[in-house]
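# Notes for the structure review
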Amino acid sequence: MISLLPRGKTLVLHIGIVLALLALNFILPEYHRGVFSRVLVLAVFAMGYNIAFGYTGLLSLGHAMFFAAGLYGAGLTIYHLDWGVWPAFAMGLAAGLALALLVGALALRTTGVAFMIVTLMFAQVFYLTTLYFTTYTRGEEGLVLRQQARVLAFPGGALDLSDPSTRYLVALTLFTLVLGAVLFLVRAPFGRSLVAIKENEERMRMLGYDVFANKLLSVALSGLVCAASGAAYAVLFGYVGSGFAAIQYSILPLLWVLLGGAATTLGPLIGTLLMFYVIDLASSHTTAHLLVVGLVLIGLILYFPKGIVGTIRERWAPWLP
Amino acid sequence: MAAVNPLLSTNALSRSFGGLKAVEKVDFSLPQGQTRAIIGPNGAGKTTFVSLVCGRVAPSSGTVVFDGSDISRMPAHRRVRAGIAYTFQITSIFANLTVFDNVALAVQRRLLGDRQHGLSSRLLLKHGLDALERVGLGDRAEALAGNLAYGHQRLLEVAMGLALKPRLLILDEPTQGLSDGEIESFIALVREIASEATVLLIEHNMDVVMALAERITVMEQGRILAEGTPDEIRANKAVQQAYLGGDA
Amino acid sequence: MAFGPYLLLATLEGLVTAAVLSLMALGLSLVFGVMRVVNVAHGEFYMLGAVLAWWFSTMLGGHPAVGFLLALVLSPLVVAAVAFVAERLVLSRLNYEPEATIVATIGLLYIIQQLALSFYGADARPVEAPFSYRIQLPWFGYSAYKLAVIAASALMMIGTWFVLTRTKIGLVMRATQYDRETAQAFGIPVGKVYAGVFALGAALAAFAAVLIVPIQQAHYLMGHDPLLLSFIVVIIGGLGSLRGTVVAAILIGLSDGIVSMFFSPTLAKMLATFLVAMVLVFRPQGLFGAAAR
């Protein structure tokens, strides 16, 4: 029967994956736990990108700016204004959301190739801005947040975010929240509208939808999630640098989502995880990790355009969300 | 006939593409509840005319009045919310979504604008399945729309229009490519729709037109050539020359 | 130095930038115009051209002009061959889907960059100019080579214009650009035309790079800024308009030369990029181009 909420296999699968990730905190060796913490945070970035690219069909080449807006929103307020983690995180979210609304309102006036180039250029402007204000950002060299500043205060106590286990669990919490939200979104009427806009804009208009407003909402939501990832990265790993605003960080989420599967809930996690280990493995054998990124991109787009989860869904498990 | 305000009227409505005058100074009026057919040879401007009405194309000059208010500058999506639904000439469903999702898109949009009920998953399911039942696709709700047979895709297209609960339903060549049997049931369906909505139909198949239309408007070269009951149109010499003569 | 001569120097430098930029942007614009492909790897073809120029020019001893001329001929040819192969192996199999080709050319970008880093290294290396004559102006001396670059670029542009508008090759290309299916029906080998155009675009970038290496050293990351600038030129000039491309290149080259003398280069780049993005948002057909198709 048709249902509007995730249930059955879908629910079991997603809860199972979260529980497995939880168990990994106690099993994984130190190094790999560190990698997983990073992957969980960056998978949130990928999930945010997926909302715009995977579901709505908006191929942006500038999402690094939303990630970096979260990163700097949280990082600069902690570093220069001694804000606590909570308000700093909120600042990161607000910065990402505001930027996404602004950029969306402008860039969505274009479509297709022009949209890609416009988003790329806005991101480049953002990147150059972080370099220009090097007095505050220290540019490429970046800022390191003191350990004492990275404490998550609760009414009943406080969490030291530099502790590896705490860091992993906080990253997992954020990941789980966003995964749940995305899972809900794809079943919700709004999610259905986004997928339909990707497929046929004109038909949606003639069903009474304000296509522009829906796309703008999609970009805003996508930017917000990416900013959450960036803000979490700043407080969890204590480093804020303009490298995260550079073009590579706009390409990477595209790569992760393509590898895992666009418009799937679990694709972003799987793509991010796999790409991390592929590069990790490649850099221990050669220094040529750019080559690996390039070959994977071309290989994917040629032979695997639906990505891992997308292919599984197509061949074996059509119920996968 | 009583001088009731028409549901839809256009005043000197024109649209040209480059030098070509696709629609030229059309004065048109459609009373509430009527089923009207627009006929005319290819290139007569029929599709352009209804596109002007539903807002897919902006007029070069002239006005469109719907339910007493001037909607000439209203964007298409707001006209749909005001009650004008358009079904596409070329089947334009969401092939990668399920049949239910296709109608659900129409239902959820309407419920969002419904102050009284609002959007709930219960209503979404109910109205979505209702619309599918009405066109006879109730048992295909979970199929991918792209996997439906062509005739069924056309029916889905109509179901999406129905699910909007429009006051004016515009059908652009709905029977194109349908088999005779499918056309039969289609005529029955439109009759049923016509009992609650005003219907504007572009159609080439004269049997369908004669079976459904209360009045007929004939267009030629962007202008209205004649207008009247089916019998009057049949008897009209100019129409016979311009159009029926070639076909019948 | 007084303001006037200072401005003259800035203008000359700007013209050199414009000369190189217009060649590169022309390549980008051709590929987009005919194939509807946004070639993100265009900057890497430029870089490859420069790196190969260093390699060819150091291969031979003797007068620097010999090595330089060798590079000027061979480097674009090799880069064109690389582009041809890439087009046949990758882009053609993607059916020229705009989004897929962008992803693929990003992949190509990384591969070429890594190969250059691995085989050429991270150093910046100079290529000696074919001649080192300086023209003595009343206020300052100016390298005659730089003026030669402007001339060579102008010649190359005229040559390309001639091929595009006055020969059968150009006719075939325009037919393909106008309507791919019809061109195919008339027996034009569309696949080969596309591969040829892609190779030609890359060769133009490589040619520009060979001209620039005696002024600016060859480095594996040198493709990034010119790529962005040529995007800007192509957008402002209007896609597919040769005249627009030249005008925009001169405009951007001059303003780049002049602005960066008075402002911080980062601020200049920031403002320029922002303004161009706004042009694309509000006037997608470019400042000089006709209405977009």
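Residues numbered from 1 in each chain as written. Chains lettered and ligands numbered in written order. Predicted model: local features only at pLDDT ≥ 70, side-chain atom pairs only at ≥ 80, totals over all residues.

## Considering the pairing of strand β8 (residues 198–202) of chain B
All names here are of chain B. Burial analysis of β8 places five of its five residues in the buried class, the great majority of the element. Direction of pairing for strand β3 (residues 35–39) relative to β8: parallel, over a ladder of four bridges. Bridged to Ala37 within β8 is Leu201. Sheet analysis places strand β7 (residues 168–172) next to β8, joined by five bridges and oriented parallel. Paired with Ile170 across the two strands is Leu200, which belongs to β8. In the classification by handedness, the crossover that spans β7, the intervening helix α6 (residues 180–194) and the parallel β8 is right-handed. (Buried ≥ 20, exposed ≤ 12 C-beta atoms within 10 Å, placed from the backbone. Helix = DSSP H or I, 4+ residues; strand = E, 2+ residues; numbered from the N terminus. Pairing = 2+ DSSP bridges. Right-handed = clockwise from strand over helix to strand, strands pointing away.)

## Some words on the interface of chain A and chain B
A common measure of how large an interface is: the accessible area buried when the components associate. Taken together, the contact between chain A and chain B spans 16 residues of the former and 24 residues of the latter. Taken together, the elements giving at least two residues each to the side of chain A that touches chain B come down to α8 (189–199) and α9 (201–205) of chain A. Of the residues contributing to the side of chain A that touches chain B, the split by class is eight nonpolar, three polar and five charged. (Contact = placed C-beta atoms within 7 Å. Nonpolar A, V, L, I, M, F, W, Y, C, P; charged D, E, K, R; others polar.)

## A short note on the sheet that holds β7(B)
All names here are of chain B. The six strands lie next to each other as β6-β7-β8-β3-β9-β10, forming an open sheet whose pairing is mixed. Of all strands in the sheet, those with a lone pairing partner are β6 (84–87) and β10 (223–228), marking the two edges. Put simply, the sheet's adjacent strands are angled 20 degrees from each other on average, direction ignored. In the sheet, β3 pairs with strand β9 (residues 215–220) via four bridges, with the strands oriented parallel. Looking at the pairing, Ile38 lines up with Thr217 of β9. Running over the sheet, helix α1 (residues 46–54) touches β3, β6, β7, β8 and β9 and is turned about 150 degrees from β7. (Axes fitted to C-alpha atoms, helices over the stretch in contact; angles between N-to-C directions.)

## What about the environment of B:Ile71?
All names here are of chain B. Residue placement: Ile71 occurs in the loop between β5 (69–70) and α2 (76–82). Accessibility expressed as a C-beta count within 10 Å gives 19 for Ile71, which makes it partly exposed. Sequence separation between Ile71 and Cys54 is 17 residues; the distance between their C-alpha atoms is 9.3 Å.

## What about the domain arrangement of chain B?
Residue and element names in this part refer to chain B. Looking at chain B, the domain boundaries give domain 1 (1–83 + 166–248) and domain 2 (93–164). When each unit is reduced to the centre of its C-alpha atoms, the spacing between domain 1 and domain 2 is 25 Å. Listed as interface residues are 11 residues of domain 1 and, on the opposing side, nine residues of domain 2. Those elements that place two or more of their residues in the side of domain 1 that touches domain 2 are α2 and α6. Among the elements that line the side of domain 1 that touches domain 2, the one with the most residues is α6, at three residues. (Domains from an automatic or database assignment.)

## As for the packing of helix α2 (residues 42–59) of chain C against helix α8 (residues 190–212) of chain C
Residues and elements named next belong to chain C. Where α2 meets α8, the closest approach of the two axes is 7 Å, and the angle between their N-to-C directions is 45 degrees. Taken together, the axis directions place α2 and α8 in an arrangement best described as oblique. Here the hand of the crossing between α2 and α8 comes out right-handed. Facing His42, Phe45, Tyr46, Met47, Leu48, Gly49, Ala50 and Ala53 of α2, the residues of α8 in contact are Ala202, Ala205, Ala206, Phe207, Ala208, Ala209, Val210 and Ile212. Of the residues in the contact of α2 with α8, the class split is 14 nonpolar, two polar and no charged. (Parallel < 35°, antiparallel > 145°, perpendicular 65-115°, else oblique. Left-handed = near helix turned anticlockwise from the far one by under 90°.)

## Things to note about the sheet that holds strand β1 (residues 8–17) of chain B
Residues and elements named next belong to chain B. Pairing in this open sheet of four strands is antiparallel, and the strands run β2-β1-β4-β5 from one edge to the other. At either margin of the open sheet sits one strand with a lone partner, and together these are β2 (20–30) and β5. The pairing of β1 with strand β4 (residues 61–66) spans five bridges and is classified as antiparallel. If you follow Leu8 over to β4, its bridge partner there is Phe66. Each of β1, β2 and β4 touches α1; the most contacted strand, β2, lies at about 60 degrees to it.

## Topic: the environment of A:Val293
If you trace the backbone, A:Val293 turns up in helix α13 (residues 289–303). Once the C-alpha coordinates of A:Val293 and A:Pro155 are considered, the two residues, 138 residues apart in sequence, prove to be 45 Å apart. Excluding anything up to four places from it in sequence, A:Val293 contacts A:Leu255 and C:Tyr110.

## Digging into helix α3 (residues 64–81) of chain A
Residue and element names in this part refer to chain A. Helix length check: α3, at 18 residues, gives a terminal C-alpha distance of 24 Å against a target of 26 Å (1.5 Å per residue), a fit within 8%. With 16 of 18 residues buried, α3 is to be regarded as a mostly interior element. After α3 finishes, the residue Asp82 shows a positive phi value of roughly 55 degrees. (Expected span 1.5 Å × (residues − 1).)

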